[in-house]
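# Examining the three-dimensional arrangement
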Amino acid sequence: MARIIVVTSGKGGVGKTTTSAAISMGLAKKGHKTVVIDFDVGLRNLDLIMGCERRVVYDIINVINGEASIHQALIKDKNCNLLSILPASQTRNKDALTQEGVGKILEELSKDFKYIVCDSPAGIEQGAHLAMYFADDAFIVTNPEVSSVRDSDRILGLLSSKSQRAEKNDEPIKEYLILTRYAPERVKSGEMLSLDDVQDILSLDLLGVIPESKSVLTASNSGNPVILDEKSDAGQAYSDIVARYLGETRPHRFIDGKKGLFRKLFGGG
Amino acid sequence: MGKKGCLGSYLGAGDMSLLDYFRSSKTSSASLAKERLQILVAYERSSVNQPPYLPQLQQEILLVIQKYVNVNCDAMTIKLEQSDNQETLELNIVLPDFRRV
């Protein structure tokens, strides 16, 4: 039986697709057969981040409508053969996504894969709802910024009321925090919410902190998930997250940042 | 000239960060952000879980009270609390001071 992970946030532009791409690649690299699904019908982008945009033939809506089989629609990743991608439709209406259709696809994929990563669209409409509805685990991607934290809190409310597990009174979805675009220097100078500030409000299991990093943009430029850039801080942070999710104990990094000369000399912070 | 400009901006930057350093201990923008968030999130959490009829109920109760006492809508809060085996509807109205009238 597969484990279904939803990567969600409410707010757009916080790093859901970057995280979905990195996490799914990380799980596959660790030897687990993984599929990552783009739920952003009409605005698909996971294919670009994964670098498979020219190999998209069929999409999730084709599968739901019976125009293609699930195996025709899946794209094998170019870097790792344990990873597959199910793209979203770019042309259809987002209402083409139905709960019954998504349920069937996840059931079918559960036979073949160990992990199913659902890349949620922003917002709280149908696509976002269906991305989280069947989830076992939720990765809440949050920026240390007021609107992102507020939206994350809203999403937490939906996870605990509008999911299959909530409706069936099963064990609730396990919720984890991934704090992205973190700039320790700005936290120290009091101009950015700290990890503790965010946790005081959301109080979730922390999977990891992704530092603000140039490598995220260069990775998306070339269509390779940033986790493959093993020298980069963001890549290492995502590797830690995957390891922690799989049960390894790894100390948290990238929270304090490097000590500046001024602070070294005068002992501040 | 160029060098002086550089030095000037360097000193300027130094002044700024030193000033910020002392200022940050009082009210940094991050602590303001946290404070605003805590209030907002607490409010939104309670209003998400409340039954949909609650705002209407509050409005109608207020109208009845206003027939007899001069209170405005800020003077009243209505809260539904749920514990394991009971639900409590708490109504809090601040009445005006009669002695002054």
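Here, every reference points to the structure presented above.
Below is a summary of the structure that appears in this document.

Each value, and the rule that gives it
- Residues numbered from 1 in each chain as written.
- Chains lettered and ligands numbered in written order.
- Predicted model: local features only at pLDDT ≥ 70, side-chain atom pairs only at ≥ 80, totals over all residues.
- Heavy atoms only, no water.
- Helix = DSSP H or I, 4+ residues; strand = E, 2+ residues; numbered from the N terminus.
- Buried < 20%, exposed > 50% of the residue type's maximum accessible area, 1.4 Å probe, protein only.
- Contact = heavy atoms within 4.5 Å.
- Areas by Shrake-Rupley, 256 points an atom, 1.4 Å probe, with all protein chains shown as cover.
- Rg over C-alpha atoms; globule rule 2.2 N^0.38 Å.
- Lys, Arg positive; Asp, Glu negative; His and termini not counted.
- Charge placed at Lys NZ, Arg CZ, Asp CG, Glu CD.
- 1 Å grid on protein atoms, 1.4 Å probe; cavity = no way out; pocket = protein on both sides within 12 Å on 5 of 7 lines; lining within 4 Å.
- Points joined across faces, edges and corners; volume = space filled by probe spheres on them.
- Nonpolar A, V, L, I, M, F, W, Y, C, P; charged D, E, K, R; others polar.
- Pairing = 2+ DSSP bridges.
- Salt bridge = Lys/Arg side-chain N within 4 Å of Asp/Glu carboxyl O.
- Buried area = accessible area lost by both parts, 1.4 Å probe.
- Polar contact = N/O pair within 3.5 Å; in protein donor to acceptor, adjacent residues only side chain to side chain.

## Description of the overall build of chain B
Secondary structure assignment for chain B yields three helices and two strands. Tracing chain B from N to C terminus, the helices and strands come up as α-α-α-β-β. In chain B, which comprises 101 residues, the proportion classed as buried is 16%. Here the contacts in chain B between residues at least 6 apart in sequence split such that 27% fall between residues at least 24 apart. As displayed, chain B offers around 8,600 Å² of accessible surface, 57% of which is attributable to carbon and sulfur atoms.

## With respect to the overall build of chain A
Helix and strand counts for chain A come out as 13 helices and eight strands. Against the 2.2 N^0.38 benchmark of 18 Å for 269 residues, chain A shows a C-alpha radius of gyration of 18 Å, consistent with a compact globule. C-alpha extents for chain A along the principal axes are approximately 65 × 40 × 35 Å. For chain A, the exposed surface amounts to about 12,100 Å²; the carbon and sulfur share of it is 47%. Averaging the coordinates of the 34 positive side-chain charges in chain A and doing the same for the 36 negative ones gives two points 5 Å apart.

## Regarding empty space enclosed by the protein
Residue and element names in this part refer to chain A. On inspection of all chains with the given rule, the structure shows two cavities of 30 Å³ or more. Volume-wise, the largest cavity comes out at about 50 Å³. Sorting elements by how many residues they give to the lining of the largest cavity places helix α11 (residues 214–222) first, with three residues. Residues belonging to the lining of the largest cavity are distributed by class as follows: five nonpolar, three polar and no charged. Its volume calculated, the second largest cavity comes out at about 30 Å³.

## Concerning the sheet that holds strand β1 (residues 3–8) of chain A
Residue and element names in this part refer to chain A. Strand order in this open sheet of eight strands is β3-β4-β2-β5-β1-β6-β7-β8, and the pairing throughout is mixed. Only two strands of the sheet have a single partner each, and these edge strands are β3 (75–76) and β8 (205–211). The pairing of strand β2 (residues 34–38) with strand β4 (residues 83–86) spans four bridges and is parallel. By the bridge assignment, Thr 34 is partnered in β4 with Leu 83.

## Side note on the side chain of Ser 20 of chain A
Relative to the helices and strands, Ser 20 of chain A resides in helix α1 (residues 16–29). Excluding residues within four positions of it along the chain, Ser 20 of chain A makes contact with Val 7, Val 36, Leu 46, Val 117 and Asp 119 of chain A.

## Things to note about the pattern of salt bridges
Residue and element names in this part refer to chain A. Following the criterion strictly, the structure yields 17 salt bridges over all chains and no others. Ionic pairing is found between Glu 108 and Lys 111, a salt bridge with its closest N-O pair at 3.7 Å. Here Glu 108 and its partner Lys 111 are both found in helix α5 (residues 99–112), three residues apart, which amounts to about one turn of the helix. Under the relative-accessibility criterion, Glu 108 is labelled partly exposed at 36%. Here Glu 191 makes a salt bridge to Arg 186, at a shortest N to O gap of 3.0 Å. For Glu 191, a relative accessible area of 41% puts it in the partly exposed group. Three or more residues are tied together by salt bridges with common partners; here these are Lys 30, Asp 240, Arg 244, Glu 248, Arg 250 and Arg 253.

## Quick notes on the environment of Gln 38 of chain B
Structurally, the position occupied by Gln 38 of chain B is in helix α2 (residues 29–49). Since its relative accessible area comes to 38%, Gln 38 of chain B is described here as partly exposed.

## With respect to the interface of chain B and chain A
Listed by partner, the interface residues are 15 residues for chain B and 17 residues for chain A. Summed over both partners, the interface of chain B with chain A buries about 1,400 Å², with 62% contributed by carbon and sulfur atoms. In this structure, Arg 150 of chain A and Glu 44 of chain B form a salt bridge, with 2.6 Å as the shortest nitrogen-oxygen distance. Taken together, the connections running from chain B to chain A amount to eight residue pairs in polar contact (both at pLDDT 80 or more). The set of elements that each furnish at least two residues to the side of chain B that touches chain A consists of α1 (2–27) and α2 of chain B. Per element, the largest residue contribution to the side of chain B that touches chain A is eleven residues, and it comes from α2 of chain B. Of the residues in the side of chain B that touches chain A, the class split is eight nonpolar, four polar and three charged.

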